[in-house]
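Residue-level listing of the chains:
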Amino acid sequence: MGSLPIRRRWYWNPAVEGILFALAWLAITNVTIYFIYVRAVEAVKEQIREGLLRNVSAAATVIDGDQHRTFTSKASKNDPNYQSFIQRLERLRRASSDVRYAYTNILKDGKVYFIANGSLQNDNDKDGRPDEAPQLMDPYPDAGRALLEALRLHRPTVDREPYTDAWGTFYSAYAPFKDSKGRFVGTLGMDLELVTLKARLVPIGVAAQRAAFTSGILAFLFGTAVWYFRSRNHILEEQRRKGLDRIDTLESERSQERTAAAIQLEAVASRIHQTTATEVGVTPADQARTYAMALRRYALARQGHRSSHGENFDPAQQVRSALPTEIPIEVSREVPSRLFGDPSEMAEILKSVCFNPLSSTILGSLQQVSLEASREQLNSLDLVVTLRFCGAMEGRGSGGTLIQDPDHPEHVFDEDSLQFATCCEQVRALGGSLSHVQDGEEVELVRLILPFEKFRET
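Residues numbered from 1 in each chain as written. Predicted model: local features only at pLDDT ≥ 70, side-chain atom pairs only at ≥ 80, totals over all residues. Heavy atoms only, no water.

Draft legend 1. Here's a closer look at the pairing of strand 10 (residues 365–374). Pairing of strand 8 (residues 329–331) with strand 10 involves 3 bridges; the strand directions are parallel. For Glu330, the partnering residue across the bridge sits in strand 10 and is Ser370. Both strand 10 and strand 11 (residues 380–390) contribute to a ladder of 9 bridges, which runs antiparallel. Across the sheet, the residue bridging to Gln368 is Arg388, located in strand 11. Remark: 5 residues form the turn of the hairpin made by strand 10 and strand 11, two consecutive strands paired antiparallel; Arg375 in that turn has positive phi of roughly 50°. (Pairing = 2+ DSSP bridges. Helix = DSSP H or I, 4+ residues; strand = E, 2+ residues; numbered from the N terminus.)

This is the structure:
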């Protein structure tokens, strides 16, 4: 009987698998690197914001709020007190690390005005000269949210992100200052140039680029490894598949050869029977017809023919009826009281295992039989019959040779072994198995496994 066809698996091209793995690796690692980079940048920005806010809050405590209240018109910009205030403000700016501008603002009639700003301006108009600083009481229409919040709520604030106005793009922080009576006067603002932020972000960017470069190298190496090993695996799997196909072909050819040989044996048996049919009362002719019948049974069993008869029967009772009454039989609790199948076929197999044509045991002296059930399913189970023999017969080969040799070609012409060979083929046709174990010098065990259906309603 040939084996089942091999189900072939679908294979990706190893090169495609390697490329896909490399792309997946790049996607996962680069997304991870990106989120780490974004988090690191945000941490640096938060550090800058906190530092700038602490700086401006400390500087606001030294602002003279009473003097600041006196600067109320543009005419005051030439006042020595105003100039002195601007110089002190400039010294505060220089004492603050990386601060580009320091200035004060007030809120009047809902509008924001500059009061003091002595910082040297950038050349934003590109005319080769520093731009003019905001003058006393110049309006600031582009005031950002952080400045408005500081002026209205009288509390320190800082920009969440760099803010752009007419004087450039900066991180700005604001802190309120008061007069001697504790009344709110205005806010001190400090602008931090982005050069400082960019300088702090350079190492993070370099680290991210190196990590991405390393990820690319690893993706190439891993993708190459996947391609190589999957290519080798594909080759080995293809060789395995071809080997299995070859085995399947050989099994099929062997099955065909077995069937062809069995058909030839059946033809030989028919020819012997026809030749001796006309001879009546002649002992050699009777023996030849008996042998021809046994050979035909063997040939049919070898072709896989089996009984189509089926009925419900008691397996334990059937085994007892097939064996001598003095043989002890042990029946396991798992063995059901009713099975469905051909009981005569099972009895025939048991007799073939235990007796030769002269009624002597083939494997020795039968001493004990045990019945068990295994591989129980919803509607079927296997009946396991274990026969224990002691004292092998002198001058006779063990029947284990017949069990272990699935073809047993040399035994089909041996009258004493023919019915045992027929038994082996019957077991195979039923889908069962027959095994032999030498348990010590004087003990042999034969295990017969036959599949049956469970009790069937008729």
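Alright, that's what it looks like, and here's the rest.
Draft legend 2. Broad picture of the environment of Thr386. Here Thr386 lies in strand 11. Assessed through its relative accessible area of 12%, Thr386 is described here as buried. If near-sequence neighbours (up to four positions away) are discounted, Thr386 is found in contact with Gln368, Val369, Ser370, Val446 and Arg447. (Buried < 20%, exposed > 50% of the residue type's maximum accessible area, 1.4 Å probe, protein only. Contact = heavy atoms within 4.5 Å.)

Draft legend 3. Layout of a nonpolar patch on the surface. On the surface, Phe21, Phe213, Ile217, Leu218, Phe220, Leu221 and Phe222 cluster together into a nonpolar patch covering about 680 Å² of accessible area. Assignment of secondary structure puts Phe21 in helix 1 (residues 14–60). (Patch = residues over 30% accessible without salt bridge, like charges linked within 9 Å, V, L, I, M, F, W, Y side chains within 5 Å. Areas by Shrake-Rupley, 256 points an atom, 1.4 Å probe, with all protein chains shown as cover. Salt bridge = Lys/Arg side-chain N within 4 Å of Asp/Glu carboxyl O.)

Draft legend 4. Spatial organisation of the packing of helix 1 against helix 5 (residues 194–276). Running from amino to carboxyl end, helix 1 crosses helix 5 at an angle of 165°, the nearest separation of the two axes being 8 Å. Our classification of the angle between helix 1 and helix 5 gives roughly antiparallel. Crossing geometry of helix 1 relative to helix 5 is assigned as right-handed. Tallied by class, residues from the contact of helix 1 with helix 5 come to 23 nonpolar, 9 polar and 4 charged. (Axes fitted to C-alpha atoms, helices over the stretch in contact; angles between N-to-C directions. Parallel < 35°, antiparallel > 145°, perpendicular 65-115°, else oblique. Left-handed = near helix turned anticlockwise from the far one by under 90°. Nonpolar A, V, L, I, M, F, W, Y, C, P; charged D, E, K, R; others polar.)

Draft legend 5. Up close: helix 7 (residues 315–322). Taken residue by residue, helix 7 has Pro315, Ala316, Gln318, Val319 and Ala322 as its buried positions. Along the axis of helix 7, the buried residues cluster in a sector spanning 165°; they form a single face. On its buried face, helix 7 sits against strand 7 (311–313), strand 8, strand 9 (339–341), helix 8 (343–354), strand 10 and strand 11. A side-chain oxygen of the first residue of helix 7 lies 3.1 Å from the backbone nitrogen of Ala316; this N-cap is Asp314. (Arc of directions from axis to C-beta. Polar contact = N/O pair within 3.5 Å; in protein donor to acceptor, adjacent residues only side chain to side chain.)

Draft legend 6. Structural context of unusual backbone geometry. For Met137, which is not glycine, the phi dihedral falls at a positive 70°. In this structure, Met137 sits in the loop between strand 2 (111–114) and helix 4 (145–153). Despite not being glycine, Arg375 shows a phi value in the positive range, around 50°. Relative to the assigned elements, Arg375 resides in the loop between strand 10 and strand 11. Residue Arg375 is classed as exposed on the basis of its relative accessible area, which comes to 63%.

Draft legend 7. Up close: the pattern of salt bridges. For the structure on display, the rule yields 18 salt bridges. A salt bridge links Lys45 to Glu161; its shortest N-O distance comes to 3.2 Å. Taken together, the positions of Lys45 in helix 1 and Glu161 in the loop between strand 3 (157–158) and strand 4 (163–165) put the pair 116 residues apart, joining distant regions of the chain. In this structure, Arg183 and Asp179 form a salt bridge, with 3.0 Å as the shortest nitrogen-oxygen distance. Its relative accessible area of 44% is what places Arg183 among the partly exposed residues. Taking relative accessible area as the criterion, Asp179 reaches 8% and is therefore assigned buried. Shared partners join several salt bridges into a network, and the residues in it are Glu42, Glu46, Arg49 and Arg160.

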